[in-house]
Amino acid sequence: MKSFAIIGMGRFGAAVARELYSRGNEVLALDSNEDTIQRIKDEVTHAIVGDATEESVLRAVGVRNFDVAIVAIASDIQDSVLVTLLLKELGVKFVIAKAQSALHAKVLDRIGADKVVFPESDMGQRLAQTLSNDSIIDFIELSPDFSIVEIVPPEKWNGKTLAELNVRARYGVNVLALRGADGKIITISPSADQVIHTGDMLIVVGENATIEQLDKMR
């Protein structure tokens, strides 16, 4: 289980919050609007009314103790930037911020946001799915049903060849490439006798549902 602090309960923030909570994660929802918090309170772990632009509020909710903080307020660029900056100054490990323009994204990146996104509700749900799965490093969504993802293979795959694993038949995914522990691509379209070593990353393509089942094998 991971812990997430989500600031701003608009469409994106609420979508991410609900999806993360439904997947068994600890979720803190923070918004200055009491009605908004009332609507989400039964779908998250903690729902708090507060002004995230106040450092004292962020300290009071213990934001630095969360694995990830998501700044989902984009309509007010000044508030978005200020909150992102405060989160980084308070020592939050990983901050994701929503941007509404390329300039906004550039500012967020400059002040230390670890990831900047341009999502709406549907993208929020896909992002939540990725964040929930420890084995998924990155993804490219090809369609609502199919994605290319970079995954940490299950430990029991270490030392075995792709032929022994029979990945396509058993797990429903195709291996496109193999990346080593040093981050460099080892091979593209690996052969059947390619051995999986500890620290390797696999870039695979498949149905989202199949990929999620693969993650549960860990």
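The coordinates are above.
Residues numbered from 1 in each chain as written. Predicted model: local features only at pLDDT ≥ 70, side-chain atom pairs only at ≥ 80, totals over all residues. Heavy atoms only, no water.

1. Quick notes on the packing of aromatic side chains
Item 1. Taken as a whole, this structure holds one aromatic pair when the rule is applied.
Item 2. Plain terms: the ring middles of Trp157 and Tyr171 are 5.0 Å apart, the flat faces sit at 45° to each other, and that makes the pair tilted. Of this pair, Trp157 sits in the loop between strand E8 (146-151) and helix H7 (162-165) while Tyr171 sits in helix H8 (residues 167-171), and the two are 14 residues apart along the sequence. Across the pair, Tyr171 and Trp157 agree in class, each one buried. (Phe/Tyr/Trp six-rings, centres within 6.5 Å; stacked < 30°, edge-to-face > 60°. Helix = DSSP H or I, 4+ residues; strand = E, 2+ residues; numbered from the N terminus. Buried < 20%, exposed > 50% of the residue type's maximum accessible area, 1.4 Å probe, protein only.)

2. Section: the pattern of salt bridges
Item 1. Counting across every chain of the model gives five salt bridges.
Item 2. Ionic pairing is found between Glu43 and Arg18, a salt bridge with its closest N-O pair at 3.0 Å. On the criterion of sequence distance, the pair formed by Glu43 in the loop between helix H2 (34-40) and strand E3 (46-49) and Arg18 in helix H1 (residues 11-22) is long-range, its members being 25 residues apart.
Item 3. Residue Glu43 is classed as partly exposed on the basis of its relative accessible area of 31%.
Item 4. Relative accessible area serves as the criterion here: at 34%, Arg18 is assigned to the partly exposed category.
Item 5. The residue Arg59 makes a salt bridge to Glu55 at a minimum N-O spacing of 2.8 Å. Of the two residues, Arg59 and Glu55 are both situated in helix H3 (residues 55-60); the distance of four residues between them amounts to about one turn of the helix.
Item 6. On the basis of relative accessibility, which here comes to 54%, the residue Arg59 falls in the exposed class.
Item 7. Judged by its relative accessible area of 32%, Glu55 is partly exposed. (Salt bridge = Lys/Arg side-chain N within 4 Å of Asp/Glu carboxyl O.)

3. Things to note about unusual backbone geometry
What you tend to see is this: most non-glycine residues have negative phi, and most peptide bonds are trans.
Item 1. At Asn166, a residue that is not glycine, the phi angle is positive and equals roughly 50°.
Item 2. Relative to the helices and strands, Asn166 resides in the loop between H7 and H8.

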